[in-house]
Amino acid sequence: MSDEVQPGYVRVRLDISYDGTDFHGWAKQAGGKRTVQGEIEDALRTVTRSRETYELTVAGRTDAGVHARGQVAHVDLPEEVWREHNQKLLKRLAGRLSRDVRVWALRPAPSGFNARFSAVWRRYAYRVTDNPGGVDPILRNHVLWHDWPLDVDTMNEAARALLGEHDFAAYCKRREGATTIRTLQELSLVKGADGIITATVRADAFCHNMVRSLIGALLFVGDGHRGPEWPGKVLAAGVRDSAVHVVRPHGLTLEEVGYPADELLAARNKEARNKRSLPSAGCC
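What comes next is a walk through the structure. In this text the structure is predicted, and so the values were computed from the model without any measurement.

When helices and strands are tallied, the protein shows 6 helices and 10 strands. Rg of the C-alpha trace for the protein: 20 Å, near the compact-globule value of 19 Å for 284 residues, within the 12% margin. C-alpha extents for the protein along the principal axes are approximately 60 × 55 × 35 Å. Buried residues in the protein amount to 50% of all 284 residues. Look at the contacts in the protein between residues 6 or more apart in sequence, and 71% of them connect residues 24 or more apart. Approximately 14700 Å² of the protein is accessible, and the part contributed by carbon and sulfur atoms is 49%. The centroid of the 40 positive side-chain charges in the protein is displaced by 4 Å from the centroid of its 36 negative side-chain charges.

What follows covers unusual backbone geometry. The residue Arg 49 is not glycine, and still its phi comes out positive at about 55 degrees. Examined against the element boundaries, Arg 49 turns out to sit in the loop between α1 (36–47) and β2 (57–58). We note that Asn 209 has phi near 70 degrees; this positive angle belongs to a residue other than glycine. Tracing the sequence through the fold places Asn 209 in the loop between β9 (196–203) and α4 (210–222). According to the relative accessible area criterion, Asn 209 is buried, its value standing at 14%.

Scanning the model with the defined rule gives 5 aromatic pairs in all. Summarising the aromatic geometry, the rings of Tyr 18 and Phe 23 are spaced 6.4 Å apart at their centres and angled 70 degrees between planes, so their arrangement reads as edge-to-face. Grouping residues by exposure puts Tyr 18 and Phe 23 together as buried. An aromatic cluster of three or more residues is present, and its members are Tyr 18, Phe 23 and Trp 26. Residue placement shows Arg 34 over the ring face of Phe 23; its charged tip is 3.9 Å from the ring centre. One residue, Arg 202, lies across the ring of Trp 121, its end atom 5.6 Å from the ring centre.

So, about the nonpolar core. Membership of the largest hydrophobic core comes to 78 residues, with the highest contact counts inside it found for Ile 16, Trp 26, Ile 40, Leu 93, Tyr 171, Leu 184 and Tyr 259. Per-element accounting of this core gives the leading share, 9 residues, to α4. When residues of this core are sorted by domain, at least three fall in each of domain 1 (9–117) and domain 2 (121–256). Among residues more than four places away in sequence, those in contact with Tyr 259 are Arg 13, Ala 59, Val 72, Phe 113, Asn 114, Ala 115, Ser 118, Ala 119, Val 120 and Leu 265.

Our focus in this paragraph is the state of the cysteines. Evaluation of the coordinates by the stated rule reveals 1 disulfide. At a sulfur-sulfur separation of 1.8 Å, the disulfide partner of Cys 172 is Cys 207. Here the residue Cys 172 occupies a position in the loop between β7 (164–167) and β8 (181–191), and Cys 207 occupies one in the loop between β9 and α4, the gap between them amounting to 35 residues. The two residues Cys 172 and Cys 207 agree in class, both being buried.

Right, let's talk about the environment of Pro 7 for a bit. Note that Pro 7 resides in the segment before β1 (9–18). A residue is classified by how much of its surface remains accessible, and Pro 7, at 73% relative accessible area, is exposed. Considering only alpha carbons, one finds Pro 7 and Asn 86, 79 residues apart in sequence, at a separation of 19 Å.

Here is what the cut-offs are and how they apply
- Residues numbered from 1 in each chain as written.
- Predicted model: local features only at pLDDT ≥ 70, side-chain atom pairs only at ≥ 80, totals over all residues.
- Heavy atoms only, no water.
- Helix = DSSP H or I, 4+ residues; strand = E, 2+ residues; numbered from the N terminus.
- Rg over C-alpha atoms; globule rule 2.2 N^0.38 Å.
- Buried < 20%, exposed > 50% of the residue type's maximum accessible area, 1.4 Å probe, protein only.
- Contact = heavy atoms within 4.5 Å.
- Areas by Shrake-Rupley, 256 points an atom, 1.4 Å probe, with all protein chains shown as cover.
- Lys, Arg positive; Asp, Glu negative; His and termini not counted.
- Charge placed at Lys NZ, Arg CZ, Asp CG, Glu CD.
- Phe/Tyr/Trp six-rings, centres within 6.5 Å; stacked < 30°, edge-to-face > 60°.
- Lys NZ or Arg CZ within 6 Å of the ring centre and 35° of its normal.
- Core = buried A, V, L, I, M, F, W, Y, C linked by side-chain atoms within 4.5 Å.
- Domains from an automatic or database assignment.
- Disulfide = S-S within 2.5 Å.

Next comes the structure, spelled out in structure tokens:
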């Protein structure tokens, strides 16, 4: 599948952050629901005084209520539009966008760049507290309250069995024609002095509900409802387990998206479009 920028256009990378509380996710939806993509595209059309809507391609679509600090997207703009507006575009977008979404940087993307397919990893953080008194009201839209004491060491023990390349069907909401094979590069939890437990989750890509399902399983381990071997057994079974709860979205933030060196972008773009499968088991 070709991803070449059309003649007369320039591909622009956008670095974005948003508070997902009042958004119905990233992707545009029918019915006029407020989404991050829709809001940025509308603002871009307005500040460039364009009749056309220039569609964004994003590194990772986030669900309703999920936040982002390090989201990345790209848009292909006519060269004349970019020449006319690029010096003032960032400030004009800041004046047009609502306060819960920001575009922090705009720059021409290197050759071969695709915000989605060129990425080599995405890093999320999920924040939860087991404080008996609940969540600091200032952080209520960003931290989950778990009303059982959590053993972080046991949760980390359970997390280690999930690392590596696996079929994460047991932790994903299936989508027709989409693979659930992913490489989980990091899954670790740290409890801060403020009592907030931050889970860092990094993978080459994520399938739908994967992070929130993984956290749901680890919370069951941390509060003693399941042993540390249980999440690994669920993974090996390869089917959804009703005991794995998809935790609420507001504790989840997309923190960063990683890309290879510029000269490797095109190759990564092509590789990421191939449907993955796990190696077949040998007979001997």
